[in-house]
Structure formats: C-alpha cells, structure tokens
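Structural overview
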Amino acid sequence: MIVAENLHASTEQNLILETLQMTRLANGEAEISHHKSNNEVFGKDASTDDVNGNTLPDVSSKKAGQQKEMTFQDVYNQDLDDEDDDSDWEPLQKNVELVKWFCTNCTMVNLGDVNCDICGEHRESGILRHGFLASPLLPDSGLTEIDSDIRERHKDTGSQDSASNSSTAVGFDERMLLHSEIQLTSHPHPERPDRIRAIAASLATAGIFPGRCYPIPAREITREELQMVHSLEHVEAVDLTGHMFSSYFTPDTYANEHSARAARLAAGLCADLASAIVSGRTKNGFALVRPPGHHAGIKQAMGFCLHNNAAVAAIAAQVSGAKKVLIVDWDVHHGNGTQEIFEQNKSVLYISLHRHEGGKFYPGTGAADEVGTMGAEGYCVNVPWSRGGVGDNDYVFAFQHVVLPIASAFAPDVTIISAGFDAARGDPLGCCDVTPAGYAKMTDMLTDLCGGKLLVILEGGYNLRSISSSATSVIKVLLGESPGCELDNTSPSRSGLQTVLEVLKIQSNYWPVLASNFTKLQSQARMHSIENKRKQIEKKRRAVTPMWWKWGRKGLLYHFLKGQNRHAHVKRKGV
C-alpha cells in the first residue's frame, strides 16, 4: 500500500503557484494529467519583482524557453502546419482573465466559458440538487417549468405507491460520502462522492426515494463475513487506512480515514439486501453504495474498489438459503475480482459484458476463453467487446443469445446485477453508447428469472447525468414499470455479432442449449457477409465512371468503353 503524506505549502508558495497557474492559463495551457500534483510546479517558472515592483527577467525561464519540454498541448498541436505562423497574432488584452474550472458532471477541465466543452453542462448546474431532472444548460436557480413538468410526471407515475406497501428496498447511507480523495491533484478523481449524490437527488426529485421505495437500516459488515470473500491480510489492510489521513492501494485507488467504514457500510447494505430478498422480506432492491467493488479480489484492492460488494452479497444470499446465485456484470470494465473469487465455484454463475479489445482495455482480463477452473468450467461467461461505442442493440442482442439462455439453464435462486453505468452514453471513461432505456430493458429481461428476486448493486459510472438517469430507469423497472422502449427486434453491429459468435462457440461446450443459437447465427453471419460483399462490389462498379457519362454528351464514349471492357473480359475467360 502506498501512503501519501499530508502536503503543506507556505503562503509564499501558494502565491507563487497562483501566479504561475494564471500565467499558464493565459498562454492557453491546461493541466490534464489526473495524477500530476500541483506542487510539482513550485519554483519552476515564477518571475521575481524588485523593490519598486518592476519585473526582473528570470534567467532560468530563458533557459527553459531554449530547451522546452514537450507538453500535452504541444503533442496535440504538433501536426498543425501554421504552428510558427504569427501573421494573425494579436496582443493579449491585459484585463482578460481565463478561469479554469472542472465540470461537475463529467470532471473535464474547461477554460472561461460557462458550459462544459465536453458534455455541455453549465458551470453552476443544479445536478447535485435535482439530479438529471435539472437543466444541463442553465445555472441552478430551481427547476424550470419544463423540468417541473417532468418531475410531476415522474411522481404521478407511481403516486398510488408508497414506501409502506412497496416491495423495493434501497440501501443508502450518507457516511459513504466521506470516502473521497484527500491528496491535492491536478484533476478531480472520477470516483467521487458526487456520484451517489446525483443519483440520490434524482430519486428524491422524482419522488422515488424517499417515496415509492423504502430504506433498510445500514450496518457495517463484520470481519467474519468479509473473510468469507477476502483474505485476512486484505481485510486488515483496508481497516488500517482508518488510522491514516490519506493512503493509496494503487495509483488510482485511494483511501482516507473514513474509507474503511464506508466500504464496510457498502458491503453491509449489500449483504442485508441480499438476505432480505432471498428470505422474501422484500422482492427486490437497489444498493446505492460506494466505494464500488467488482475489481477487489481475494487479496487486493484495485480499480477504485476496496471490498467486493457483489461477492459479499452472493455469499450472504447463500447463507440465507439460496443454493445458486447468478451475477450479471454490465460494468464497462471486466469484474476481475468477482471472477477470481468465484472461478472455482459452480454454485455462482458469473456473466460479464465489458470492453476488452484484446486485453488492451482496463483491467485486461475477461477474454472469452476465461471460463472458470478446477471443475467449474462454464461458470464464468465473458462477453468481451472488441471496440468502444457499443450500444443498446449489441447489449440486448448478447442478452437474448448468451445471457438469458445460460441463465435459464442455470436456474438461479436469486440474481445480482453488478450495475456499473460507465458503458452509458457520455461516460468519459467507458466511451460506449448504452441509454437509460437500454439499461431498463436489460433489467426487465432479468426480472423473469427466479421469480423476480433481483438485487442491483452500483459499481462504476462517472458522468453524473448518465448514471443518475440510468439508475432511475432501472429502479422504475424494479418498481414494476415497463422499460418504455421496445428493443426486442435488434440488429447487432458487425463487431458485436462476431463477439457473440465467439462466445457461443466457446460456451456451447459447457451449455448445450447454446448450440442451436450458434448454428443459426453462423448462417445469418454468412448471409450478412455475402450481402456486404455484393454491396461493396456494386459500389465499386458504380464508382468506375460518373453516372452523368451514361446520359450526357459522352454517353456514346461510355457505352463504347463498357462494351470494350465486356468484350475483353469474355475473351480472357475464353483463354
């Protein structure tokens, strides 16, 4: 575990840093590295003043100018042809002040403008007060008329329901907000407290929670329960962070003095929700928890995850009477920790849909041929997408031909969804295209299994508007609402079809029910390939000569050349 020391800077250093940052911003430079600390720039480019207030030349700055290091901005602009052309140069106005700010919604850095250059969210957006129902383009001044109408429509949908007769439980505790990165960095950490703030605000504004769902009391998971999933060394390592101001398990997996308790609360809520669902005290539930868990393995914390919440919930479900547990992980990253914990266990079926790209996408695990070990082959099912941009059609297609057939044959007693929403449209890390309707549809498809006993556990997702709207859509399905968008007749992308065929070919060795799907899709893929080749040939043929040649003044020349080509082709065939 990497321990970070508390950083203290003197007043003079802070002034230098502030001056330096403003100078760099005026020159159009922006710090975009997530892990580069602001204190790295102390004493590098600061100029000095004499007693009369005149600026003295900085010799070190001149030397730095002669031998300037390549920056991210230089790399971005290095292919511009007019890089050295200063013909359109205009002197910088003295009173122009560029303000650097980070978008609340997506954390991307911006200079000056009031709306985010990446996602369009207003700098003073009300997303943390009203969730995704707040206007993205306007400052937070209360909900607009349009947003108020949306809110009322959300409330009217389930006005007949109340928490007293609801069958959907929500696990949430504000103490999980205390888990945050302490060390000063140049960019906000994507796994931040605002994630669950935005979801909670969306549910409150829509009248869902509090309202139509009921809360369960929070408790910290016990050390004995954790050791059913993790090693004692791992549990002790996480607990040790409670005595440290700031610490790191990996460069991107932080902890502070409150993180261990937050992780225990998250795991405890997931365990209690699973027990309540299996015992019949509630029909289904949503665990609004953090830190996330599916990267946490037997012995290590990584990928923003400390304890594996889904694994803890699965064991708790079995302790409560469930013999077989299904875990479906649709987070854009492979749940390497969950797979490691259960890859030798035939009583837990783990199915993951994630970006893989030949192992180049984090964490690099989850290839289609990772199927389980030690007699549990076939109980790990990986659907590894080969590219980004994967959307609703590919996910629903994979559910129809891989997830549901295997899950039905497995016949689980309870289903757990590791619900990362970082494959959602607009997520800065996932870069995929799943919509709230797509998540709602996948949830609806899983409700028919095991009598609707379904637990949804929050994993990743780093665009606040995307995760809050997606989580709300999923909880509405848990409450019995229709997904609202039919995605039954879906056509996958070419790469999506190839991925599904690869998975079917491997998993049909363990699940005979897949054989018919594999044969049918193989035939469709061949027909699709033949049709594509025909279209490509036709496109090339049409591109040989312009269409206007056929009817214009050169029509005679066109038909003459075409006839000559046909005659030559027949002659070659005769030879």
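Here goes a summary of the coordinates provided. (Residues numbered from 1 in each chain as written. Predicted model: local features only at pLDDT ≥ 70, side-chain atom pairs only at ≥ 80, totals over all residues. Heavy atoms only, no water.)

**Brief notes about the overall build of the chain**
Summing up its helical and strand segments, the chain has 19 helices and 15 strands in all. Here the contacts in the chain between residues at least 6 apart in sequence split such that 72% fall between residues at least 24 apart. Entry remark: accessible area of the chain is about 28700 Å², with carbon and sulfur atoms responsible for 52%. (Helix = DSSP H or I, 4+ residues; strand = E, 2+ residues; numbered from the N terminus. Contact = heavy atoms within 4.5 Å. Areas by Shrake-Rupley, 256 points an atom, 1.4 Å probe, with all protein chains shown as cover.)

**Focus on the packing of helix H6 (residues 194–205) against helix H15 (residues 464–478)**
Following both chains from N to C, one finds H6 and H15 inclined at 50 degrees, their axes separated by 9 Å at the closest point. Taken together, the axes of H6 and H15 are oblique relative to one another. H6 and H15 meet at a crossing whose hand is right-handed. Here H6 contributes Asp194, Arg195, Ala198, Ile199, Ser202 and Leu203 to the contact with H15, which in turn contributes Leu464, Ile467, Ser468, Ala471, Thr472 and Ile475. When the residues that make up the contact of H6 with H15 are grouped by side-chain class, the tally is seven nonpolar, three polar and two charged. (Axes fitted to C-alpha atoms, helices over the stretch in contact; angles between N-to-C directions. Parallel < 35°, antiparallel > 145°, perpendicular 65-115°, else oblique. Left-handed = near helix turned anticlockwise from the far one by under 90°. Nonpolar A, V, L, I, M, F, W, Y, C, P; charged D, E, K, R; others polar.)

**Focus on the pattern of salt bridges**
Counted by the stated rule, this structure contains 17 salt bridges. Residue Arg219 is joined to Asp272 by a salt bridge in which the shortest nitrogen-to-oxygen separation is 2.9 Å. Of the two residues, Arg219 is situated in the loop between strand S7 (214–215) and helix H8 (223–226) and Asp272 in helix H10 (residues 259–279); the sequence distance between them amounts to 53 residues. Using a relative accessible area of 27% as the deciding quantity, one classes Arg219 as partly exposed. Here Asp433 and Arg425 are joined by a salt bridge, their closest N and O atoms 2.5 Å apart. By relative accessible area, which is 28% here, Asp433 ends up partly exposed. Since its relative accessible area comes to 48%, Arg425 is described here as partly exposed. Bridged by salt links that share partners, the residues Glu220, Arg223, Glu236, Asp239, Arg261 and Arg264 form one connected network. (Salt bridge = Lys/Arg side-chain N within 4 Å of Asp/Glu carboxyl O. Buried < 20%, exposed > 50% of the residue type's maximum accessible area, 1.4 Å probe, protein only.)

**A closer look at the side chain of Ser275**
Locating Ser275 in the fold gives a position in helix H10. Classification of Ser275 by relative accessible area gives buried; the value is 16%.

**What to know about helix H16 (residues 494–507)**
Its 14 residues place the ends of H16 20 Å apart at the C-alpha level, agreeing with the 20 Å of an ideal helix rising 1.5 Å per residue. Those residues of H16 that fall on the buried side of the exposure criterion are Ser495, Gly496, Leu497, Thr499, Val500, Leu501, Val503, Leu504 and Gln507. (Expected span 1.5 Å × (residues − 1).)

**Examining the sheet that holds strand S6 (residues 168–171)**
In sheet architecture, strand pairing relies on hydrogen bonds along the backbone and comes in two forms, parallel and antiparallel. Reading across from one edge, S7-S6-S10-S15-S14-S11-S12-S13 is the order of the eight strands in this open sheet, with parallel pairing throughout. Both outer strands of the open sheet, S7 and strand S13 (380–385), are each paired with one neighbouring strand and no more. (Pairing = 2+ DSSP bridges.)

**What about the environment of Ser468?**
Structurally, Ser468 can be placed in helix H15. Since its relative accessible area comes to 0%, Ser468 is described here as buried. In this structure Ser468 touches Phe132, Ala198, Ile199 and Ser202, once residues within four positions along its chain are discounted. There is a polar contact of 3.3 Å between the side chain of Ser468 and the backbone oxygen of Arg465. (Polar contact = N/O pair within 3.5 Å; in protein donor to acceptor, adjacent residues only side chain to side chain.)

**Examining the packing of aromatic side chains**
If you walk through the whole model with that rule in mind, you get seven aromatic pairs. Centroid distance Tyr379 to Trp511: 5.6 Å. Interplanar angle 65 degrees. Geometry classified as edge-to-face. Placement of Tyr379 in the loop between strand S12 (348–355) and S13 and of Trp511 in the loop between H16 and helix H17 (515–542) is noted, with a sequence separation of 132 residues between them. You can call Tyr379 buried: its relative accessible area is 17%. With 4.9 Å between their ring centres and 90 degrees between their planes, Phe421 and Tyr439 make a pair best called edge-to-face. Of this pair, Phe421 sits in the loop between strand S14 (414–419) and helix H14 (436–447) while Tyr439 is found in helix H14, placing the two residues 18 residues apart along the sequence. Through pairs of rings, three or more aromatic residues link up here, namely Trp330, Phe421 and Tyr439. Over the ring of Phe410 we find Lys324; its NZ or CZ atom is 5.3 Å from the centre of that ring. (Phe/Tyr/Trp six-rings, centres within 6.5 Å; stacked < 30°, edge-to-face > 60°. Lys NZ or Arg CZ within 6 Å of the ring centre and 35° of its normal.)

**Side note on the state of the cysteines**
Under the definition given, this model contains zero disulfides. The cysteine Cys103 is free of any disulfide, with Cys119 supplying the nearest cysteine sulfur at 3.5 Å. (Disulfide = S-S within 2.5 Å.)

**Notes on the pairing of strand S15 (residues 454–458)**
Here S15 lies mainly inside the structure; five of its five residues are buried. Burial along S15 is two-sided: the residues Leu454, Val456 and Leu458 and Leu455 and Ile457 are all buried. In terms of strand pairing, strand S10 (residues 284–287) meets S15 through four bridges, oriented parallel. Bridged to Asn284 within S15 is Leu454. Taking the sense of rotation as the criterion, the β-α-β connection linking S14, H14 and S15 turns out right-handed. (Right-handed = clockwise from strand over helix to strand, strands pointing away.)

**Some remarks on the pairing of S13**
With respect to burial, S13 is a largely interior element, six of its six residues being buried. Two elements, S12 and S13, share six bridges in a ladder whose sense is parallel. By the bridge assignment for S13, Ser352 is matched with Asn382.

**Re the side chain of His295**
Structurally, His295 is set in the loop between S10 and helix H11 (309–319). A relative accessible area of 4% means that His295 is categorised as buried. Excluding its chain neighbours within four sequence positions, the residues that come into contact with His295 are Gln300, Met302, Gly303, Cys305, His333, His334, Asn336, Gly337, Tyr362 and Pro363.

**Regarding unusual backbone geometry**
Excluding glycine, residues mostly have negative phi values, and the peptide bonds linking residues are mostly trans. Residue Pro210 follows Phe209 across a cis peptide bond; omega there is 0 degrees. With respect to the helices, strands and loops of the structure, Pro210 is situated in helix H7 (residues 208–212). In the segment running from Tyr362 into Pro363, the intervening peptide bond is cis, with an omega of 0 degrees. Mapped onto the secondary structure, Pro363 falls in the loop between S12 and S13. Despite not being glycine, Glu357 has its phi angle at roughly 55 degrees, a positive value. Among the structural elements, Glu357 can be located in the loop between S12 and S13.

Purely geometric numbers; function is a separate question.
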